[in-house]
Amino acid sequence: MKALSALEDILQSANQKQLVKTELSSIWIYSMLLLQLPALLFIDLCRYKPVIVFQGLCQVIVYGLLCFASSFQAMKWLQVISAMVTTCEIAIYSYVCSVVTVDQYGKAFICSRWFNLLGYTIGALGGQLMVSYGHFSYYWLNIITLGSASVAFIISIFLPMLSTNYPCSECLNDQIKRKDRNIVHCCCKVVVKFLKQQWLDICESYSYNTMIWSLLWLLVTAGCHQVTDSSERLWEKLLEHSDSVYLLNGGVEAVAAVLGLIAFFVMDRIKVDWSYWGELVVSALCAVDCAATLAMAITSSIWVGYAGYIVCKTTYMISNTIVILNITLSVTRRRYALVFVMNKFISLLPQELVSLVMTYLNLEIYIQFIIYSYYLDVLTLSFGIIAVFRMVSKTKKSRRNQQTTNDSAGCP
């Protein structure tokens, strides 16, 4: 969504800009919906590294199209390939968690997010400075990003491959030993067996605890993405009543990323049982998001709009990290990618539903933000009640276990 301003800069005519807003903005999410199920199969089947390399290649193609293509058809393909990049992101975190021990999951995940945000901060701040003071065009920003993406793609090629065998390797070895050349039949059997195993893994992975955290994740993600994706249109409206000459998109993104870095650093240093306090903290952060979104809806100041976005983006990054960390700890290493691809697929459905409703009703951007604030308010109340209930249940269970231990210790 953030790339649409760059696309509009390429597509100069008013008619083309309208096409950007109506057609291109929907291609990305439809592509995401279609690509999630293939990703569900191939991320685990390929054992992560090939998917990471493929993602790097797609990233290079995306910025190559932004730099050197100008047709509307090329912009459509750009959205599809960009959806591939986003879909494959989970392979990176799955790869990281596959090369560390279970007790290092939390630290590894937070460190990965920390470095991700660090790069995001450098890019956003550098881009804002180059546009504001160096008078760079979007073209040169895309050229620089293309070079960075190319370096990342080359580095991904040299990542060590996981030692786990591919699912079809045993079958192929057996076929070679028996001198059976019907390899196609063997591969079909492997695919069917793999699909059955994936379905069993899905059924076994979604325990009660995983279901609660997954539901929390997809609802919070749907709400916060609507707010952040609609913020630029709100800023454009607020800019009409402001003395500022241009939007400070990059600077605002950089500030949000810096605050996220600080939050991750604090989370890594403090000792908190997120499985116990996490739901209550996420509920409180949703309340903060609700207040910030409502302030953005009723203000006429561009600076309040910027501040509200920073608050929403920062609290979402913290909430997202807490929820993903708890999901990671509640599933086995082998099923990590499976669960998160399924969650991402399901989370796209409410996002698309809300987008379609907003497009159909053609509501003012201020009204949309009021609706988003009500949505976040409902989340706050609902998950606040669930959090308190689960905390009381865990406390009672802990006391019962402690009492049983004491009784056992007192027996002769």
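Remember, it's a predicted structure, so these values are computed and weren't measured experimentally.

### Looking at the overall build of the protein
The helix and strand inventory of the protein stands at 15 helices and zero strands. Counting every position in the protein, which comprises 412 residues, the buried fraction comes to 45%. Roughly 21700 Å² of accessible area belongs to the protein as shown, and the carbon and sulfur atoms make up 68% of that amount.

### A look at the confidence of the model for the protein
This prediction gives the protein a mean pLDDT of 77; 78% of its residues lie at or above 70. Between the elements of the protein, mean pLDDT differs from a low of 51, seen in helix 1 (residues 4–10), to a high of 90, seen in helix 3 (residues 49–68). A low-confidence stretch, residues 10–15 (pLDDT under 50), is modelled with 11 contacts involving residues beyond four sequence positions or located in other chains.

### Some details on the pattern of salt bridges
Should their charged atoms come close, side chains of opposite charge can pair. Across all of its chains, the model carries two salt bridges by this definition. Across the salt bridge formed by K313 and E253, the nearest N and O atoms sit 3.1 Å from each other. Residue K313 is found in helix 13 (residues 302–330), and its partner E253 is found in helix 11 (residues 249–269); the two are separated by 60 residues along the sequence. This pair shows no difference in class: K313 is buried, exactly as E253 is. Salt-bridge contacts for R390 lead to E279; the nearest nitrogen and oxygen are separated by 2.5 Å.

### Remarks on the nonpolar core
If you look at the biggest cluster of nonpolar residues, it comprises 64 residues, and the most contacted ones within it are V220 and F369. At 13 residues, the largest contribution of residues to this core is made by helix 13. Beyond its immediate chain neighbours, meaning those up to four positions away, V220 contacts V282, C286, Y316 and L379. Membership of the second largest hydrophobic core comes to 10 residues, among which are C58, L65, L66 and A69.

### Looking at the environment of L215
Looking at the element boundaries, L215 is found in helix 10 (residues 208–239). Judged by its relative accessible area of 38%, L215 is partly exposed. Along the backbone, L215 and S347 are 132 residues apart, and their C-alpha atoms lie at a distance of 8.8 Å.

### Observations regarding the packing of aromatic side chains
Under the counting rule described, the total for this entry stands at five aromatic pairs. Ring plane angle 80° and centroid distance 5.2 Å describe the contact between Y139 and W140, whose orientation is recorded as edge-to-face. Y139 sits in the partly exposed class, given a relative accessible area of 34%. Owing to a relative accessible area of 47%, W140 belongs among the partly exposed residues under this scheme.

### Side note on the side chain of T299
Within the secondary structure layout, T299 lies in the loop between helix 12 (274–298) and helix 13. T299 sits in the buried class, given a relative accessible area of 15%. One polar contact links the side chain of T299 to the main-chain amide nitrogen of S301, over a distance of 3.0 Å. Once residues within four sequence positions are removed from consideration, T299 is found in contact with L238, V304, G305 and Y366.

### What to know about the environment of I92
Structurally, the position occupied by I92 is in helix 5 (residues 89–98). Residue I92 is classed as partly exposed on the basis of its relative accessible area, which comes to 34%. A sequence separation of 39 residues divides I92 from V53, and the C-alpha atoms of the two residues are 10.0 Å apart. Ignoring sequence-local partners within four residues, the contact set of I92 consists of I52 and Q55.

### Some thoughts on the state of the cysteines
Tallying each qualifying case throughout the model produces zero disulfides. Here C290 stays unpaired: no disulfide links it, and the sulfur of C286, its closest cysteine neighbor, is 9.1 Å away. A relative accessible area of 13% means that C290 is categorised as buried.

Reading the values: the criteria
Residues numbered from 1 in each chain as written. Predicted model: local features only at pLDDT ≥ 70, side-chain atom pairs only at ≥ 80, totals over all residues. Heavy atoms only, no water. Helix = DSSP H or I, 4+ residues; strand = E, 2+ residues; numbered from the N terminus. Buried < 20%, exposed > 50% of the residue type's maximum accessible area, 1.4 Å probe, protein only. Areas by Shrake-Rupley, 256 points an atom, 1.4 Å probe, with all protein chains shown as cover. pLDDT = per-residue confidence, 0-100. Contact = heavy atoms within 4.5 Å. Salt bridge = Lys/Arg side-chain N within 4 Å of Asp/Glu carboxyl O. Core = buried A, V, L, I, M, F, W, Y, C linked by side-chain atoms within 4.5 Å. Phe/Tyr/Trp six-rings, centres within 6.5 Å; stacked < 30°, edge-to-face > 60°. Polar contact = N/O pair within 3.5 Å; in protein donor to acceptor, adjacent residues only side chain to side chain. Disulfide = S-S within 2.5 Å.

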